[in-house]
Each structure stands twice: as C-alpha cells, then as structure tokens.
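# Fold and geometry: a report
Letter by letter, the chains look like this.
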Amino acid sequence: MHELGIIVQISKTLEDVAQENHLEKIGSVTLEIGEVSGIVSDYFDDCWKFYCKKTPLLEGAKLHVIAISAITHCTHCQKDYETVRYGKICPHCQSDQTYLIQGNEINIKEIEAYGASC
Ligand SMILES: [Zn+2]
C-alpha cells in the first residue's frame, strides 16, 4: 500500500500546517505528483477518500492533482528527454550516462481552508 503510506505522510504535514494556521478543517489540497513517482492516480484517489473519512481535519476535503512530467538529462550530450518514452538510454546519443531531473516528486502545492472565500 504505497499510496496509503504517502497519504498518511501528507496528512501529517497538513495537520501541522492546520495547527500553525489555526484551521479546523481543510477544504481542498492540491498536490503535484511526478509521472514516475510510482503513484497510480485512480488508486490514490480511492485511498484519499478512504483516509479523509477517518480524519476529521480532512473530512470532505477535495484532492486536486497536477501531474509533473518526468524528464531525464543526458550527461554525455547534455540534452534532456522524456523519461517515460525512452527510459535510461538517451535517444540522442544512446548513452546510459543519464539522470532524472524531475518527475519523482510529490509536493503539496496548495492548501485551502474550509469555507475560505478567496
Ligand atoms: Zn545523450
């Protein structure tokens, strides 16, 4: 249950933020999820709903997900390419001297307090 573990972590962060800002309820959360972070979005959604029901702070909170595409950089020819399409081998020079620049992250981008009117 990779997804649920991540949601538990995220909710801990949200609880900290809520406490700092004296929020009693969170209305919506926007997450940035990388393409190769291993998150299956449909399943993630189900886990989120399940978890929110059990957490008063997050009850009824909406989840918005922004996908971040994965990009790999080649140190051999200094070009970037789409990770999902080509994997670890650079499509420009066939080198395997490559590393992931982005696409593996999960960030909390925005938190909206319940009933906030802005
Ligand atoms: Zn290359």
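Preceding this paragraph is the structure being described.
Overview of the structure.

What counts and how
- Residues numbered from 1 in each chain as written.
- Predicted model: local features only at pLDDT ≥ 70, side-chain atom pairs only at ≥ 80, totals over all residues.
- Heavy atoms only, no water.
- Donors = N, O, S within 2.8 Å, 3.2 Å for Na, K, Ca; no water.
- Tetrahedral: all angles 85-135°; square planar, octahedral: opposite > 155°, others 65-115°.
- Buried < 20%, exposed > 50% of the residue type's maximum accessible area, 1.4 Å probe, protein only.
- Helix = DSSP H or I, 4+ residues; strand = E, 2+ residues; numbered from the N terminus.
- Polar contact = N/O pair within 3.5 Å; in protein donor to acceptor, adjacent residues only side chain to side chain.
- Contact = heavy atoms within 4.5 Å.

## Considerations on the coordination of the zinc ion
- At this site the zinc ion is bound by Cys74 (SG), Cys77 (SG), Cys90 (SG) and Cys93 (SG), with donor distances of 2.3 Å.
- One way to put it: the four donor atoms around the zinc ion meet at angles of 106 to 113 degrees, and that makes the site tetrahedral.
- All donor residues of the zinc ion come from one chain, and their arrangement in sequence is C-x2-C-x12-C-x2-C.
- You can call cysteine 77 partly exposed: its relative accessible area is 24%.

## Remarks on the side chain of serine 11
- As for its position among the elements, serine 11 is in helix α1 (residues 2–20).
- A polar atom in the side chain of serine 11 sits 2.9 Å from the backbone oxygen of valine 8.
- Contact partners of serine 11, with chain neighbours within four places excluded, come to Tyr51 and Leu58.

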